[in-house]
Amino acid sequence: MVDVAIIGAGQTRYGDLPSTLKGMWAEAAQKAIASVDNGLGPSLIEEAHIGSTAFGGEQIGNTAALMTEHSGMEGISVRRVENACASSGFAFRDAWMTIKSGEADIVVAGGIEKMNDLTPQRKRFWLGVSGDTEWERLAGLTFPATYALMARRYFHEFDSNHDDLVHVAVKNHAHGFANEVAHIRKEVSFDKAASGFMVADPLTLYDCCPTSDGASCVILAADHVARKLSDTPVWVKGSGAASDYLALHDRESFTQVLASQRAAKKAYSMAGLAAKDIDLAEVHDCFTIAEVMACEDLGFAKRGEGGLFAREGRGIINQGEITINPSGGLKSKGHPLGSTGVGQIVEAFKQLRDEVEPSRQVRDVENTLCHNVGGSGATCAVHILGREI
Amino acid sequence: MAANECIPFHGHILCLTPSGVLVRSRFILDGDRVHGPDSDHTCLAITGLCALADECEITTIQCSDDVDARVISAYGFNVVTQNGEWKIVAHKDASLSITRDSSMLNSLADDGEEMDSTFYLQMRSAWDEELRSVSQGAYVSEQQYLSGLESRLRLLAQKEGGKYIWPGRENNSQHATFPLKRKGIVESWTRTSAAGSPSEFALRSPLLDGMTTVLLALEGGAKGAFLLADDEDAVAEIGSHVELVIRRIYGQEGLIRYGLKARCS
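Residues numbered from 1 in each chain as written. Chains lettered and ligands numbered in written order. Predicted model: local features only at pLDDT ≥ 70, side-chain atom pairs only at ≥ 80, totals over all residues.

1. Some points on the overall build of chain A
1) Next: The helix and strand tally for chain A stands at 13 helices and 12 strands.
2) Next: A principal-axis box enclosing the C-alpha atoms of chain A has dimensions of 55 × 45 × 35 Å.
3) Next: In chain A, which comprises 389 residues, the share counted as buried stands at 65%.
4) Next: Within chain A, contacts between residues at least 6 apart in sequence are counted, and of these 78% link residues at least 24 apart. (Helix = DSSP H or I, 4+ residues; strand = E, 2+ residues; numbered from the N terminus. Buried ≥ 20, exposed ≤ 12 C-beta atoms within 10 Å, placed from the backbone. Contact = placed C-beta atoms within 7 Å.)

Next comes the structure, spelled out in structure tokens:
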């Protein structure tokens, strides 16, 4: 079966941006196309899969058709992929499968979200829409509250406390400080992060990612095309995806995300790799507790030791066996819902090609993992990318 | 008839008499009995009916206009529009009687907690405004709310592999359902900030200085998330036991959504 590589990647800066959906997508797509080593015209792209939750409703229906119309890809097969915050992780997987199936040779995967042009009241109606509306929202839960329930239970079950989450926030802000596309480029001290405004006890403002605008785009190609168009293709070595019950109360455990474990198992198996082989991981730290659990679910830390992993600084860039979230993660780089998954892949692509800012370039990176979670863990896509196939 | 024996029950005051039950809010403002932060006559009626059902068999119920008959019915009581065995009669204040002859009971007991007048007026105003609001995003329609109401209020669970599942799954809709005990043990909890609650609670949450949600282990392995009733000062702790009582959840487009909320027992 054909192998698949990423030959181009681009994204907008994440943040509170003046541009609209169309403008952000056009920018990300142009950057992705321009990054193809040996040149690529948009007319050669055969399909597009674009993740978006249509947050706020700027263009709820037929979003992908509108996006491709503004990026020179008119007329091709397109669709919007929606799986909450994991929308573009799944869009990427769908694009990968399109090539794997033999249906197309050059396919775009992207993601986009516009979150900051809403009034505060309207924004609150949209935040948390990907939880179980009927049973969780009526219990007063939005995602900060849902992850707060997970955090408190985690502290109860394991040797961990809020300080461990503070270490995650401090690390990711330090990483994101050097990232030119990050939403919040600000380092924070331990004391400041420990004393943040309480959002949902025990989670403070510094435990929560920002709501960001942004778009991301990557170009995937079949091996025989990739080797012609790119001198340094990044190979998709493993892809896994899974789901779990939507509502937290239906799940087997509140302190692990089984969808992550299932998706990671598939991706590792396909790649023929294990957690110890991963040099860099972009994990879905929508809240700091999510990174602690992800490090366990993905096998970087033992069960119950994700807090210790953070406390010991084992994910800090170039200081241990693995770097976690060199981009700053969702916490600092930002979280434009539909864009986040492919945004992680843009980061991995650039790290593997030594194209990020020198101060945050991970040394000798061979294998990377991107972990994109929808909601509080109802969906998850995991991809393993590498220099060699 | 005047009742002399009154007890706290479901966060209200329950007075049993030979003629029936009198249910009163435990809150008083300037000498008048007023509803609590998330209660009304429908909540008082359920409380009274639960107490009455412990004493005798209830065949049929006839509701007054101040009580949402759909909620009474969903809770498991047989509501009729005329010739009901028991009649719910709402008083002008925050109390009601449930009797066979539509008589209004009263109590000589002068019990109750004084409520802050500013807080009371702000909460009532917030409820009124909330009822006029419309969704601009997430939305539980009247149809969806009503279709799940019986399961929500009676905790109707399905049994699968020796374990209870609540709420049930549609693919198992032919399975028998079992009402779980309205009790639970706190497995986790959080208190959201005033700005951290869903938009449906945006007007009341600041008045309550945030809202508390508990994640409960229910009977037989089922679990569920619930708001705290009355959002009182009771502190939730992992491992503590709670009872589930009916309260208002939120209002939208003219419809109050009711559900179970947790009270520390």
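2. Digging into the overall build of chain B
1) Next: Each helix and strand counted, chain B has five helices and 20 strands in total.
2) Next: The C-alpha atoms of chain B give a radius of gyration of 18 Å, which matches the 18 Å a tight globule of 265 residues would have.
3) Next: By its C-alpha atoms, chain B is 50 × 45 × 35 Å across when sized along the principal axes.
4) Next: For chain B, the proportion of its 265 residues judged to be buried stands at 48%.
5) Next: At a minimum sequence separation of 6, the contacts of chain B that also span at least 24 residues come to 59%. (Rg over C-alpha atoms; globule rule 2.2 N^0.38 Å.)

3. Some thoughts on the sheet that holds strand S8 (residues 234–243) of chain A
Residues and elements named next belong to chain A.
1) Next: On the basis of which strands lie adjacent, the open sheet formed by 10 strands has the order S3-S2-S4-S7-S1-S8-S12-S11-S9-S10 and mixed pairing. Where the open sheet ends on each side, the last strands, each with one partner, are strand S3 (77–81) and strand S10 (323–324).
2) Next: Pairing between strand S2 (residues 47–51) and strand S4 (residues 106–113): five bridges, direction parallel. Looking at S4, one finds that Ala48 is bridged to Val108.
3) Next: The sheet contacts of helix H1 (residues 21–34) involve strand S1 (4–11), S4 and strand S7 (214–222), and relative to S7 the element is tilted by about 35°. (Pairing = 2+ DSSP bridges. Axes fitted to C-alpha atoms, helices over the stretch in contact; angles between N-to-C directions.)

4. So, the domain arrangement of chain A
Residue and element names in this part refer to chain A.
1) Next: For chain A, the assigned domains are domain 1 (4–119 + 211–234) and domain 2 (140–203 + 236–383).
2) Next: A separation of 23 Å is found between the C-alpha centroids of domain 1 and domain 2.
3) Next: Taken residue by residue, the interface counts 41 residues in domain 1 and 32 residues in domain 2.
4) Next: Elements represented by at least two residues in the side of domain 1 that touches domain 2 include exactly S1, helix H3 (87–100), S4 and S7.
5) Next: Looking at the side of domain 1 that touches domain 2, the element that brings in the most residues is H3, giving eight residues.
6) Next: Partitioning the side of domain 1 that touches domain 2 into residue classes produces 20 nonpolar, 17 polar and four charged. (Domains from an automatic or database assignment. Nonpolar A, V, L, I, M, F, W, Y, C, P; charged D, E, K, R; others polar.)

5. Here we look at the interface of chain B and chain A
1) Next: Residue-level contacts link 33 residues of chain B with 31 residues of chain A.
2) Next: Contributing elements (two or more residues each) for the side of chain B that touches chain A: helix H4 (142–154), strand S16 (183–192), strand S17 (211–217), strand S18 (223–227) and strand S20 (255–264) of chain B.
3) Next: The element best represented in the side of chain B that touches chain A is S16 of chain B, accounting for six residues.
4) Next: Looking at the side of chain B that touches chain A residue by residue, the classes come out as 14 nonpolar, 15 polar and four charged.

6. As for the domain arrangement of chain B
Much of the literature gives interface size as the accessible area that the parts lose upon coming together.
Residue and element names in this part refer to chain B.
1) Next: The domain architecture assigned to chain B consists of domain 1 (2–115) and domain 2 (136–264).
2) Next: On a C-alpha basis, the centroid separation for the pair domain 1 and domain 2 is 23 Å.
3) Next: At the interface, 16 residues of domain 1 touch 16 residues of domain 2.
4) Next: Partitioned by chemical class, the residues of the side of domain 1 that touches domain 2 number six nonpolar, six polar and four charged.

7. Side note on the nonpolar core
1) Next: Counting residues in hydrophobic clusters, the biggest one holds 194 residues, and the most contacted among them are Ile6, Val218 and Ile219 of chain A.
2) Next: The element best represented in this core is helix H5 (residues 143–157) of chain A, accounting for nine residues.
3) Next: Setting aside anything within four residues of it in sequence, one finds Val218 of chain A in contact with Ile6, Gly8, Ala9, Ala32, Phe92, Ala109, Val342, Ile345, Val346 and Phe349 of chain A.
4) Next: Residues Phe27, Leu29, Val34 and Ala94 of chain B belong to the second largest nonpolar core, which totals five residues. (Core = buried A, V, L, I, M, F, W, Y, C linked by C-beta atoms within 7 Å.)

8. Details of the pairing of strand S11 (residues 367–374) of chain A
Residues and elements named next belong to chain A.
1) Next: In terms of burial, S11 is largely enclosed, as eight of its eight residues are buried.
2) Next: As paired elements, strand S9 (residues 280–282) and S11 share three bridges and run parallel to each other. Counterpart to Leu280 in the pairing with S11 is Thr368.
3) Next: When S11 meets strand S12 (residues 379–386), the two strands line up antiparallel, connected through eight bridges. Across the sheet, Leu369 pairs through a bridge with Ile384, a residue of S12.
4) Next: A loop of four residues connects S11 with S12, the two strands running antiparallel in sequence, and Gly375 in this loop sits at a positive phi of about 65°.

9. A look at unusual backbone geometry
1) Next: Cis geometry marks the peptide bond from Asp201 of chain A to Pro202 of chain A, where omega comes out at 15°.
2) Next: Inspection of the secondary structure assignment puts Pro202 of chain A in the loop between strand S5 (198–200) and strand S6 (203–204).
3) Next: With a phi angle near 65°, Ser102 of chain B is a residue other than glycine that sits in the positive phi range.
4) Next: Mapped onto the elements of the fold, Ser102 of chain B is located in the loop between strand S10 (95–99) and strand S11 (106–107).
5) Next: Backbone geometry at Asp209 of chain B places phi at a positive 55°, although glycine is not the residue there.
6) Next: In this structure, Asp209 of chain B sits in the loop between helix H5 (205–208) and S17.
7) Next: By C-beta crowding, Asp209 of chain B is classed as exposed, having 10 other C-beta atoms within 10 Å.

10. Looking at the pairing of S7 of chain A
For a regular strand, side-chain orientation follows a simple rule: the groups alternate between the two sheet faces.
Residues and elements named next belong to chain A.
1) Next: Most of S7 is tucked away: eight of the nine residues are buried.
2) Next: The pairing of S1 with S7 spans seven bridges and is antiparallel. Looking at S7, one finds that Gly10 is bridged to Cys217.
3) Next: Here eight bridges tie S4 to S7, and the two strands are oriented antiparallel to one another. For Gly111, the partnering residue across the bridge sits in S7 and is Ser216.

11. Examining H5 of chain A
1) Next: Taking 1.5 Å per residue, 15 residues should reach 21 Å; H5 of chain A reaches 21 Å between its end C-alpha atoms and fits that length.
2) Next: Taken across its 15 residues, H5 of chain A has 13 buried, putting it largely inside the fold. (Expected span 1.5 Å × (residues − 1).)

12. Considering the packing of helix H6 (residues 162–177) of chain A against helix H10 (residues 288–297) of chain A
Residues and elements named next belong to chain A.
1) Next: At a closest axis distance of 8 Å, the pairing of H6 and H10 adopts a crossing angle of 95°. What the angle tells us is that H6 and H10 run roughly perpendicular. Residues Asp164, Leu165, Val168 and Ala169 of H6 touch H10, and the partners they reach there are Thr288, Ile289, Glu291 and Val292.
2) Next: Its residues placed into classes, the contact of H6 with H10 shows five nonpolar, one polar and two charged. (Parallel < 35°, antiparallel > 145°, perpendicular 65-115°, else oblique.)

13. A few points about the sheet that holds strand S6 (residues 32–34) of chain B
Residues and elements named next belong to chain B.
1) Next: Taken together, the three strands give an open sheet; going across it, the order is S6-S5-S12, and neighbouring strands pair in mixed fashion. At either end of the open sheet lies a strand with only one pairing partner, and these are S6 and strand S12 (113–114).
2) Next: Looking at chain direction, strand S5 (residues 27–29) and S6 are connected through three bridges and run antiparallel. When the sheet's bridge partners are listed, Leu29 is paired in S6 with Asp32.

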